[in-house]
Every structure is written in C-alpha cells, then in structure tokens.
Amino acid sequence: MIRTTLTSAALAFGLIHAPASAEIINAECKLRKYGENQLTEIFPCDFRQSGGNVQVWSQNWEFKFLASEQGQTYVRINSNPLSFHRLGKYSLFVFQDGMPAQQFLR
C-alpha cells in the first residue's frame with residue numbers, strides 16, 4: 001500500500017514538472033515597419049508560444065519575444081489578432097484563427 005502511494009506520488013510529481021511542449025500553429029502575419037523605409041507586408045507564418053516566450057517565423061522573417069523582456073523591449077497586446085510592438089521599429093500582428101490579415105487595419 002505504501003509502495004503504491006509513493007509510486008503514484010512520484011509519477012504525479014514527474015508529470016507536474018515535465019517540460020511542456022509547445023504546439024506550432026500555422027497563422028497569417030502582418031508586419032508594419034516604421035521609420036524612413038516604411039513597409040507593410042502580409043505573409044504566412046508559424047507561431048509557437050511556450051512559457052510566455054513567443055517565436056514567429058516565416059520564409060523571410062524570424063521574431064523572438066521573450067517573456068522576461070515584455071514591457072521593456074516590446075509591448076504585447078493579447079487580443080484578436082495577437083500583436084507585438086517594438087516602438088518606433090515595427091508592429092507584428094499574428095492571426096491564428098483564420099481571420100485574414102487583409103481585412104485588418106489596411
């Protein structure tokens with residue numbers, strides 16, 4: 001009885017502390033670059049979030065947003081679409097639910 005309880009407790013502890021794997025989601029992104037060479041581009045992208053850290057990448061772009069830098073080097077807005085803003089540099093909008101980026105903020 002005690003052995004079974006200890007085994008169950010060890011398994012439960014291991015499951016709680018096992019690293020979570022993040023699912024990669026196909027999405028559509030809209031990038032707005034600011035400054036002298038302004039740019040607006042819409043492209044297919046992949047999105048992954050794990051532990052508050054976010055990665056977004058595509059054929060031409062790669063973005064990393066660390067949770068520890070939120071509010072310091074970028075602003076994250078949890079809405080639909082999810083957006084990341086590096087003030088004065090660019091804004092990245094991630095459409096995860098099939099909402100086409102062309103219909104958003106032309």
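Conventions and cut-offs
Residues numbered from 1 in each chain as written. Predicted model: local features only at pLDDT ≥ 70, side-chain atom pairs only at ≥ 80, totals over all residues. Heavy atoms only, no water. Pairing = 2+ DSSP bridges. Helix = DSSP H or I, 4+ residues; strand = E, 2+ residues; numbered from the N terminus. Disulfide = S-S within 2.5 Å. Buried < 20%, exposed > 50% of the residue type's maximum accessible area, 1.4 Å probe, protein only.

**Q** Break down the pairing of strand β1 (residues 24–33) for me, with residues and values.
**A** As paired elements, β1 and strand β2 (residues 39–50) share ten bridges and run antiparallel to each other. Following the sheet pairing, Asn26 is matched in β2 by Asp46. Following β1, the chain reverses through five residues before pairing antiparallel with β2; Gly35 in that reversal takes a positive phi of roughly 105 degrees. Here six bridges tie β1 to strand β7 (residues 90–95), and the two strands are oriented antiparallel to one another. Considered in β7, the bridge of Lys33 is made with Tyr90.

**Q** So what's going on with the state of the cysteines? Which residues, and what values?
**A** Applying the stated criterion to the full structure yields one disulfide. Between the sulfur atoms of Cys29 and its disulfide partner Cys45 the distance amounts to 2.1 Å. Between Cys29 and Cys45 the sulfur-sulfur dihedral comes to about 80 degrees; the bridge is accordingly right-handed. Here Cys29 is found in strand β1, whereas its partner Cys45 is found in strand β2, with 16 residues between them in sequence. Across the pair, Cys45 and Cys29 agree in class, each one buried.

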